[in-house]
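What follows is each chain in one-letter form.
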Amino acid sequence: MAARPTGYADILKAPYAARLLTGTLVGRLPSATAPIAIVLFVRAGGGSYSLAGALAAVYGIATAVGQPLLGRAVDLYGQPRVQLPAAVVSALGMVLLVLAGADSPALAYPAVAVAGVFTPPLEGGLRALWPSVLGGEERVHRAYAMDAVAQEVMFTVGPLLVTLLVSLRSPAAALLVINAIGVLGALSVVLSRPSRQWRSAPREAHWLGALRSPGLLVLLGAFLFIGVALGSITVAGLAYADDRGREAVYGWLMAALGLGALVGGLGYGARQWAGAPERRLRAIVALLALCYLPLMIAPGILAMNGLFALAGVFLAPAIACAFIVVDRHAPRGTVTEAFSWLVTTFGVGTALGTAVAGPAVELGGTVAGFAVAGGGGAAALLVLLATQRVLVAPAGPADATIRTENDPSGAAQPGFSSGHQA
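Small disclaimer: the values here were computed from a predicted structure and weren't measured.

J.: Let's hear about the nonpolar core: which residues, and what values?
T.: Of all hydrophobic cores here, the largest spans 108 residues; its most connected members are Ile 38, Leu 97, Trp 130, Leu 134, Phe 223, Leu 295 and Phe 308. The residues touching Trp 130, leaving out its near neighbours within four places in the chain, are Ala 17, Leu 21, Gly 135, Val 140, Ala 143, Tyr 144, Met 146 and Asp 147. Ala 87, Ala 91, Val 183 and Ala 186 belong to the second-largest nonpolar core, a separate cluster that totals five residues.

J.: Now, about the side chain of Thr 345: what can you tell me, with residues and values included?
T.: If you trace the backbone, Thr 345 turns up in helix H16 (residues 335–364). Discounting residues that sit within four places of it in the chain, Thr 345 has contacts with Leu 220, Phe 223 and Leu 224.

J.: So what about the packing of aromatic side chains? Which residues, and what values?
T.: According to the stated counting rule, one finds two aromatic pairs in the structure shown. Between the aromatic rings of Phe 223 and Phe 346, the centroid separation amounts to 6.3 Å while the plane-to-plane angle is 55°, which identifies the pairing as tilted. Residue Phe 223 is located in helix H11 (residues 214–243), and its partner Phe 346 is located in helix H16; the two are separated by 123 residues in the primary sequence. Note on Phe 346: relative accessible area 18%, which makes it buried.

J.: Kindly report on helix H9 (residues 171–190), identifying the contributing residues and their values.
T.: In a regular helix each residue adds 1.5 Å, so 20 residues correspond to 28 Å; H9 covers 29 Å between its end C-alpha atoms and thus fits that length. Regarding H9, the residues found buried are Pro 171, Ala 173, Ala 174, Leu 175, Ile 178, Asn 179, Gly 182, Val 183, Gly 185, Ala 186, Val 189 and Val 190.

J.: Residues and numbers for unusual backbone geometry, please.
T.: One non-glycine residue, Tyr 16, lies in positive phi territory at about 75°. You can see Tyr 16 is positioned in the loop between helix H1 (8–12) and helix H2 (17–27). Assessed through its relative accessible area of 31%, Tyr 16 is described here as partly exposed. A positive phi angle, close to 50°, is found at Ala 298, a residue other than glycine. Tracing the sequence through the fold places Ala 298 in the loop between helix H13 (277–292) and helix H14 (301–313).

J.: Before we move on, can you summarise H13 with the specific residues and values?
T.: The end-to-end C-alpha distance of H13 is 22 Å, a good match for the 22 Å that 16 residues give at a rise of 1.5 Å each. Taken as a whole, H13 has its buried residues at Pro 277, Glu 278, Arg 280, Leu 281, Arg 282, Ile 284, Val 285, Leu 288, Ala 289, Cys 291 and Tyr 292.

J.: Residue-level account of a nonpolar patch on the surface, with values.
T.: A cluster of nonpolar side chains, namely Val 88, Leu 92, Val 95, Leu 96, Leu 99 and Leu 176, defines an oily patch on the protein surface of about 500 Å² accessible area. Counting residues per element, the nonpolar patch draws most heavily on helix H5 (residues 80–100), which supplies five residues. Relative to the elements of secondary structure, Leu 92 occurs in helix H5. With relative accessibility at 52%, the residue Leu 92 sits in the exposed group.

What counts and how
Residues numbered from 1 in each chain as written. Predicted model: local features only at pLDDT ≥ 70, side-chain atom pairs only at ≥ 80, totals over all residues. Heavy atoms only, no water. Core = buried A, V, L, I, M, F, W, Y, C linked by side-chain atoms within 4.5 Å. Buried < 20%, exposed > 50% of the residue type's maximum accessible area, 1.4 Å probe, protein only. Contact = heavy atoms within 4.5 Å. Helix = DSSP H or I, 4+ residues; strand = E, 2+ residues; numbered from the N terminus. Phe/Tyr/Trp six-rings, centres within 6.5 Å; stacked < 30°, edge-to-face > 60°. Expected span 1.5 Å × (residues − 1). Patch = residues over 30% accessible without salt bridge, like charges linked within 9 Å, V, L, I, M, F, W, Y side chains within 5 Å. Areas by Shrake-Rupley, 256 points an atom, 1.4 Å probe, with all protein chains shown as cover. Salt bridge = Lys/Arg side-chain N within 4 Å of Asp/Glu carboxyl O.

If you want it as C-alpha cells, here you go:
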C-alpha cells in the first residue's frame, strides 16, 4: 500500500523528528561557519590574509579527511560513542586556536587540523536515522528534501550569527560560543532514543568500506563536479560584483542563489515522485547544468540576481535525490560512511572550484569564471550519462519488506533499501 502524502509539518510531528533535525543543524554550526569565523579571528589578531586563508583551507581538508573515517566509526560503534566525543575534541581544537592566536602558526595549524578531522558526521548520522524514525519510504524521501532545505537555511543563518557575535564581543568569542553551541547540538542528538538504539547491520570486512560500491563511486564523481560548479560561482560572483564596484551586490547574489535552492527544495519535497531515483537524478542534474550556462551572459544586476536564483533552484533537489541514491547503493553496514563520503566529495569539489575559478577570472574575466561553473555542471551530467549501466536501481526482494539497520522494525515499504546492497 502506498504511503499517504505527507508534508514537512507532518514529518516534524513524528516522535524525535524535530529534535533530531534541530540538534543536527545546531551541531553542524561550527563546520558551517568555520571558514568565516577563522578568517575574522586571524585578521582581528593581526594575521595576514594568506595565513587566514591557509588555516581555513587546512580546516576544510581536515574535515574532508575526517568525515568518512568518523562515519565508518559510527557504523562500527554506534552514534553516541563517536559523535559526542568527536564534537568535544573538535571544539577543543578551536579553543586551542583561540589560545594560540594568529601569532603562533605552529600551534594554530594543528589546532584547526584537529578541529576539522574531528568534526562529527552528524549530517550522515541524521540520514541514517530517518527510516527508523519515519517508517515509510515516501516520508523518508520527503525528509531528505526537508534536510536539504534546512541546510540552505543554516548556511544563511550561521554566518549572520557569527557576524552578530563578533559585533557584540569579538571574533574569539564567536569561535568559542559557536563551538559550544555545536557540542550542545551533538549532545541533543546522541541522547535521543533513536540515536542510542540505532545499530548498523553487520558489514563485510573490506578496507574500501562504502567505496567498494560502483554506484556510489559514480555518484561521488558526479557530485565532485557539482561542487566544482558551486565553488566557482562564489568566486565568479565576487568578480562580477567587483566589476560593478558595488560590494553589496555580492551579498545579494549569494542570497538569490540560496533563495533559489530553498524554493527548489520546498517544491521538490511537496510532491510524490514515481520511478527510480537514479533516473530522476539524471534529469535533475541535467536541469541544474542547464541553469548554470546563462550565468556567462553576465547581464545587469537585477537580471543577474534572477539568473543566480535560477542556478540554485535544482541544487537542493539534486542533493535530496542523491541522498536517496546513496541510501540504495551503499554496501551493507556502511550507510553513515557512505553519506559522509558524499559530504566530503561535495566539499572537495567546492574547494577545487574555488581554486580553479580564481585563475580563470584573472585570465579570462568574469565570464571565464562562470564558464567553470557551466563546465562543472556539464561534467557532472556526463558522468551520470556515461555510467547509466552502473548507476541502476539495485536489485532487491520485491515481495518482502527489507529490514535494515535504519529500519529495525521493518516499517519501510517493500523495495525500500537503506544502504544494504552487497
